[in-house]
Amino acid sequence: MRIVRRLAPLVVLVLAAVLPWSTVDIPGLFDGPLNSPGTLQLLASCLVFGGLAMGYDLLFGRAGLLSFGHALYFAGGAYGTDVLITHAHWPLWTAAPVALAGTVVLAAVLGAVALRTTGIAFAMVTLAFAQVGVVLVNRDPGGLTGGEEGLPLDGHGIPGPLIGVANTVNLYWLALAFLAVAVFLVHRVDGAPLGRVLAGLRDDERRVSVLGLSPYRFKLVAFSLSGGIAALAGVVYTLLVGGASPRMAGTDLTLSLLIMVVLGGPGTRWGPVLGGILYTYLDQRLTSAGGHLPGPLAQPLFLLGAVFVLAVYFVPGGLAGLRRRLPRLGGLPRRPTARAGGDTLPEGLGLD
Amino acid sequence: MATVVLLTATGLGLAALYFLIAAGLSLVFGLAGVLNFAHGLFLSVGAYATWWAAQRWGFAAAVVFGVACAAAVGALVELAMIRPLYKRPTEQVLVTVGLSLAGVALLEAVWGADSRPFPRPQWTRQVVTVLGARVPADRLLLFGAAVVVLAGLTAFLRFTRHGLVIRAGVEDRAMVSALGIDVRRSFTLVFAIGGGLAGLAGALGGVYFGSVSPEQGASLLIFAFIVVVIGGMGSVAGTALAAVAVGLVQQFVNYYGTGGAGDVCVVALLAIVLLARPHGISGRVAA
């Protein structure tokens, strides 16, 4: 049983990797066969947001930090790469690492200020910082960001296999690789002492500081790492959609990350990934099907927001929590986890 | 000189909007501990209700209608959605986030995503001469409304029994409950007041911007959050001070600096205040 549980993710990964060779047509779910560029593009977006949601959960579900500014780091990776390639004419191989490193430094600096506050004030401060990003991107300083139009990616700096509709499959593999890296990183943190401390901070910060550990430092490490994963997601997403747009910096993006994580199951091993994939799929499909639905149902955000509100009341713990609440279908017995304060947010880290 | 007066008047008009939104947010947060993302929705509801009614009745009646609608929505949201979740603060935030997304999408579905021209009364388009500067009358309307609300709210908090319970609740909620007072009724009241004030901000924002759009609430909300944090959560006077500071800084820097620099300065102001005084200008007192 244990071996099956350990191998299952690998099997899924291999299946996802060989999926572009399949020509199966699933009517209803996708518009074309699985290996058509449109379907691969949709799947790749889902994978990027799955990884992004996993990185966000490092803050929200695992460390209990409610950040409303995560879009800033996603946009940092996206715009950083795009600006360096399009305006400075750097090749991708240097632009992407520099954008990534720059965004991590940005996350560390802003995190150092924001983490001096806690709880709701932290949420508001991160929101305000991200708002600066939105303003900068929209005001188009020096013609750098392209303003509200966004900045299309200049193809000269990008290796050939990553350009063009026919090469969508390579971008799909890139997205899959990013998801694997994000999941690997977060799971490594879960298993490491850092993960234990973060879980401790989430449950009872005072106790952690009584033990002689500095909550501030651990939170800052988590914040920077999470920002780095978001920046990497931004790099991959820019390549995928061929440019950066102000929507990537907006508060709505952070809010949808929150929805993904809560729908999937904060603090669980796979919940955030599932939530990210499902939300992105529904969002894109509902948007394209929007014209055919009557009244407010034509607005994807109306449906997703309503489902989200219902989920908060009736499915605490998200999709991953459902398995625990339904009668056990051969699941492993679980240790009950002691929780402070009686809030039912993230549960159970010790599943390894 | 004329430019300075005009900028000050515009900044104060903006500050009035921020104050109207932030006062409700601040009381809701100070008393009930709820970070209310749906507050922008209350504002949009007020704006659209006023816009709808202004085409049928007079402007004043329309504003009253808009405020009443927004207050009703505020009370309803507290009763139906927030109440079951007290003691679970993160889930409250999540519910208001979902509500704001779904509510704005609903407004878009009904009235379209594009902004609609707001039927401004003729007299708000006139220009008044103040200290040699020609100031649009709507700025004065906004500022006057905010001063009246500030006075009314302060009097309400200071001289009525409900106000007393709210002030006590902000300071120590557990103690008020222990004295046998049902604080939850005050929660509903505070949500209704906050909703009504946000609705008023929506109606006056319609006059100020000349149009209404579903997204308007969300963009004002972020600066209102900043005002709440700078002012100290739960403090009406602190909120008023912070609103004036934020509005003036934003206007002046946006005019004399490059575009968007004012918004950046406001966030920098927030960072400085937080580093120097983590609880905002005035700590936690509702007065």
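Here the structure is a predicted model, which is why all the values come from computation and not from measurement.

Another aspect to go through is the overall build of chain B. Across its full length, chain B holds 11 helices and 4 strands. Radius of gyration (C-alpha) of chain B: 18 Å, near the 19 Å computed for a compact globule of 287 residues. For chain B, the C-alpha atoms occupy an extent of roughly 55 × 45 × 35 Å along the three principal directions. Taken over 287 residues, chain B has a buried fraction of 57%. For chain B, contacts bridging at least 24 residues in sequence account for 77% of all contacts bridging at least 6.

This next bit is on the overall build of chain A. Secondary structure summary: chain A contains 13 helices and 2 strands in total. Relative to its 352 residues, chain A shows a buried fraction of 47%. Sequence separation of at least 24 residues holds for 74% of the intrachain contacts in chain A that already meet a minimum separation of 6.

Take the interface of chain B and chain A next. On the chain A side, the residues contacting the 31 residues of chain B number 35 residues. Those elements giving two or more residues to the side of chain B that touches chain A turn out to be α4 (89–111), α9 (216–231) and α11 (261–276) of chain B.

A word on the pairing of strand β2 (residues 127–130) of chain B. Consecutive side chains along a regular strand alternate between the two faces of the sheet. Residues and elements named next belong to chain B. One ladder, built from 4 bridges, connects β2 with strand β3 (residues 133–136); its direction is antiparallel. Bridge pairing in β3 links Val127 to Pro136. Taking the residues that link successive antiparallel strands as the turn, the β2-β3 hairpin has 2 residues, and the phi of Leu131 there is positive, at about 50°.

A few words on the packing of helix α10 (residues 251–264) of chain A against helix α11 (residues 271–289) of chain A. All names here are of chain A. Where α10 contacts α11, the axes come no closer than 7 Å and their chain directions differ by 120°. Taken together, the axis directions place α10 and α11 in an arrangement best described as oblique. α10 and α11 meet at a crossing whose hand is right-handed. Where α10 abuts α11, its residues Ser256, Ile259, Met260, Val261, Leu263 and Gly264 lie against Gly271, Pro272, Val273, Leu274, Gly275, Gly276, Leu278 and Tyr279. Broken down by class, the residue content of the contact of α10 with α11 amounts to 9 nonpolar, 5 polar and no charged.

With that settled, the discussion passes to helix α9 (residues 215–241) of chain A. All names here are of chain A. The terminal C-alpha atoms of α9, which comprises 27 residues, lie 38 Å apart, in line with the 39 Å expected from a rise of 1.5 Å per residue. Burial analysis of α9 places 21 of its 27 residues in the buried class, which makes it a mostly covered element. One or two steps after α9, the chain reaches Gly242, where phi turns positive at roughly 70°.

Moving on to the packing of α10 of chain A against α4 of chain B. Taken N-terminus to C-terminus, the directions of α10 of chain A and α4 of chain B make an angle of 120°; their axes are 11 Å apart at the nearest point. Of the possible angle classes, the one that applies to α10 of chain A and α4 of chain B is oblique. In this structure, the crossing between α10 of chain A and α4 of chain B has a hand that is left-handed. Across the interface between the two elements, Leu255, Leu258 and Val262 of chain A from α10 of chain A touch Leu94, Val97 and Leu101 of chain B from α4 of chain B. Of the residues assigned to the contact of α10 of chain A with α4 of chain B, the class counts are 6 nonpolar, no polar and no charged.

So, on to unusual backbone geometry. All names here are of chain A. Of note, His89 is a non-glycine position whose phi angle comes to about 55°, a positive value. Along the chain, His89 falls in the loop between α3 (71–86) and α4 (92–114). For His89, a count of 11 C-beta atoms within 10 Å puts it in the exposed group.

To continue, consider the confidence of the model for chain B. Summing up the model confidence of chain B, the mean pLDDT is 82 and the portion of residues at 70 or higher is 96%. For chain B, per-element mean pLDDT is lowest for β3 of chain B, which scores 74, and highest for helix α3 (residues 59–82) of chain B, which scores 88.

Before going further, it helps to spend a moment on the environment of Leu171 of chain A. Residue and element names in this part refer to chain A. Here Leu171 is to be found in helix α6 (residues 168–191). Taking the C-beta count within 10 Å as the criterion, Leu171 has 25 such neighbours and is therefore assigned buried. Taking the C-alpha atoms as reference points, Leu171 and Leu40, separated by 131 residues in sequence, lie 8.6 Å from one another. Ignoring sequence-local partners within four residues, the contact set of Leu171 consists of Ala44, Leu162, Leu239 and Leu240.

By secondary structure assignment, the location of Thr118 of chain A is in the loop between α4 and α5 (119–139). In this structure, the C-alpha to C-alpha distance between Thr118 of chain A and Leu65 of chain A, residues 53 residues apart in sequence, is 8.2 Å.

Within the secondary structure, Val309 of chain A sits in helix α12 (residues 300–314). You can call Val309 of chain A buried: it has 20 C-beta atoms within 10 Å. With 46 residues separating them in the primary sequence, Val309 of chain A and Leu263 of chain A have C-alpha atoms 9.8 Å apart. Those residues in contact with Val309 of chain A, other than ones at most four positions away along the chain, are Val95, Gly98, Leu99 and Ala102 of chain B.

Quick look at the nonpolar core now. With 212 residues, the main nonpolar core has Tyr18 and Ile21 of chain B as its most contacted residues. Those residues in contact with Ile21 of chain B that sit more than four places away from it in its chain are His39, Leu43, Ala198, Ala201, Leu220, Leu221 and Ala224 of chain B.

All names here are of chain A. Confidence in the prediction for chain A averages 82 pLDDT; 89% of positions are at 70 or higher. Looking at the elements of chain A, mean pLDDT is at its lowest for helix α13 (residues 318–325), recorded as 72, and at its highest for α9, recorded as 92. Low pLDDT, under 50, characterises residues 328–352; the predicted model gives this stretch 31 contacts beyond four residues in sequence or across chains.

Conventions adopted
- Residue indices follow the written sequence of each chain, beginning from 1 at its first position.
- Naming scheme: in the order in which they are written, chains are lettered from A and ligands are numbered from 1.
- Totals for whole chains, interfaces and linings use all residues, but because this is a predicted model, local features are given only for residues with pLDDT of at least 70 and pairs of side-chain atoms are given and counted only at 80 or more.
- Numbering goes from the N terminus for both helices and strands, where a helix is a DSSP run of H or I of at least four residues and a strand is a run of E of at least two.
- In this description the radius of gyration comes from C-alpha coordinates, and the expected globular size is given by 2.2 Å times residues to the power 0.38.
- Three classes are used. A residue is buried when 20 or more other C-beta atoms lie within 10 Å of its own, exposed when 12 or fewer do, and partly exposed in between, with C-beta atoms placed from the backbone.
- A pair of residues counts as a contact when their C-beta atoms, built from backbone coordinates, are within 7 Å of each other.
- A pair of strands counts as paired when DSSP detects no fewer than two bridges linking them.
- Interaxial angles span 0 to 180 degrees and are taken between N-to-C directions of axes, which are lines fitted to C-alpha atoms, for helices over the stretch in contact.
- Orientation is classified from the angle alone, with under 35 degrees giving roughly parallel, over 145 giving roughly antiparallel, 65 to 115 giving roughly perpendicular, and any other angle giving oblique.
- By definition, any crossing whose near helix is turned counterclockwise from its far helix by less than a right angle is left-handed, and any crossing with a clockwise turn is right-handed.
- Basically, the charged four are Asp, Glu, Lys and Arg, the nonpolar ten are Ala, Val, Leu, Ile, Met, Phe, Trp, Tyr, Cys and Pro, and anything else, Gly included, counts as polar.
- Every helix has an expected span of 1.5 Å times one less than the residues it contains.
- Residue-level confidence of the predictor is what pLDDT reports, using numbers from 0 through 100.
- In this usage, the nonpolar core is the set of buried Ala, Val, Leu, Ile, Met, Phe, Trp, Tyr and Cys residues whose C-beta atoms join them within 7 Å.

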